[in-house]
Amino acid sequence: MLFFQLLACYVSLSGPPVQAPAKSSLTVDVHNIKELSGNISVAVFKPCEKFPDCKPVDGKRIDVKKNRIQVSFDVEPGEYAVAVYHDVNDNGKLDKKLFGIPKEPYGFSNNYRPLVSAPSFKDCRISVGTGDTAISIKLL
């Protein structure tokens, strides 16, 4: 009996259940794919100091069969940045040249083109609202 009274007290104090935030769709269109081999990796990031070297909140890898791909993510409304690379030789990593310059095609949201170093989160920041958001990234 005491157990049921404690349970009833806990339930009445806990209030209504907390609902998860609504999700929105973020669709990324990747184009300028020049080689129909390997795969494309698309990563979605929340704000972070060491973008693009921080951990993404979501990511997908798609086999390349066409010169354009689309991939969608369910995310909470907020600020994000997207990084993409084409793993042409399918070795699971972004191959680099001397001084860390990417050897394989890559791209960022806002089609930001880095000149000397990797971009900051601010350079690639996009806003996702409560509706659907679509962005396009051209591989460099």
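Here the structure is a predicted model, which is why all the values come from computation and not from measurement.

Draft legend 1. Structural context of the packing of aromatic side chains. All told, the structure shown has 4 aromatic pairs when counted by the stated rule. With 5.1 Å between their ring centres and 90° between their planes, Phe 45 and Phe 51 make a pair best called edge-to-face. In this structure Phe 45 comes out as buried when scored by relative accessible area, which is 4%. When its relative accessible area of 5% is taken as the criterion, Phe 51 is described as buried. When the ring of Tyr 106 is compared with that of Phe 108, the centres are 6.0 Å apart and the planes differ by 70°; the resulting orientation is edge-to-face. Each of the two residues, Tyr 106 as well as Phe 108, counts as buried. One aromatic cluster is present, formed by Phe 45, Phe 51, Tyr 106, Phe 108 and Phe 121 through successive ring pairs. Here Lys 60 stacks its cationic end above the ring of Phe 73, 4.9 Å away from the centre of that ring.

Draft legend 2. Region of interest: the confidence of the model for the chain. In the predicted model, the chain carries a mean pLDDT of 89, and 87% of its residues have values of at least 70. Ignoring residues within four places in sequence, the model shows residues 1-13, a span with pLDDT below 50, making 0 contacts including any to other chains.

Draft legend 3. Here's a closer look at the sheet that holds strand S8 (residues 133-138). Strand order in the open sheet formed by 3 strands is S4-S1-S8, with mixed pairing between adjacent strands. The sheet is open, and its two borders are formed by strand S4 (68-75) and S8, each paired with just one other strand. Along the sheet, successive strands turn relative to each other by an average axial angle of 20°, direction set aside. Alignment of strand S1 (residues 24-31) against S8, held across 6 bridges, turns out to be parallel. Bridge pairing links His 31 to Lys 138 in S8.

Draft legend 4. Up close: the nonpolar core. Leu 26, Val 28, Val 30, Ile 40, Val 42, Val 82 and Val 84 are the most contacted members of the largest nonpolar core, which totals 20 residues. Contributing elements (two or more residues each) for this core: S1, strand S2 (39-45), S4, strand S5 (78-87), strand S7 (126-128) and S8. If one sorts the elements of this core by residue count, S4 sits on top with 4 residues. Sequence-distant contacts of Val 28, that is, excluding residues within four places in its chain, are made with Val 42, Ile 69, Gln 70, Val 71, Phe 73, Val 82, Ile 135 and Ile 137. Counting 11 residues, the second largest nonpolar core, distinct from the first, contains Cys 54, Tyr 85, Tyr 106 and Phe 121.

Draft legend 5. Summary view of the state of the cysteines. Following the criterion strictly, the structure yields 1 disulfide and no others. Shown here is the disulfide that connects Cys 48 with Cys 54, its sulfur atoms set 1.9 Å apart.

Draft legend 6. Highlighting the environment of Ile 69. Note on placement: Ile 69 falls in strand S4. Using a relative accessible area of 8% as the deciding quantity, one classes Ile 69 as buried. Apart from the residues lying within four places of it in its own chain, the contact partners of Ile 69 are Val 28, Asp 29, Val 30, Ile 33, Ile 40 and Ile 62.

The rules behind these values
- Residues numbered from 1 in each chain as written.
- Predicted model: local features only at pLDDT ≥ 70, side-chain atom pairs only at ≥ 80, totals over all residues.
- Heavy atoms only, no water.
- Phe/Tyr/Trp six-rings, centres within 6.5 Å; stacked < 30°, edge-to-face > 60°.
- Buried < 20%, exposed > 50% of the residue type's maximum accessible area, 1.4 Å probe, protein only.
- Lys NZ or Arg CZ within 6 Å of the ring centre and 35° of its normal.
- pLDDT = per-residue confidence, 0-100.
- Contact = heavy atoms within 4.5 Å.
- Pairing = 2+ DSSP bridges.
- Helix = DSSP H or I, 4+ residues; strand = E, 2+ residues; numbered from the N terminus.
- Axes fitted to C-alpha atoms, helices over the stretch in contact; angles between N-to-C directions.
- Core = buried A, V, L, I, M, F, W, Y, C linked by side-chain atoms within 4.5 Å.
- Disulfide = S-S within 2.5 Å.

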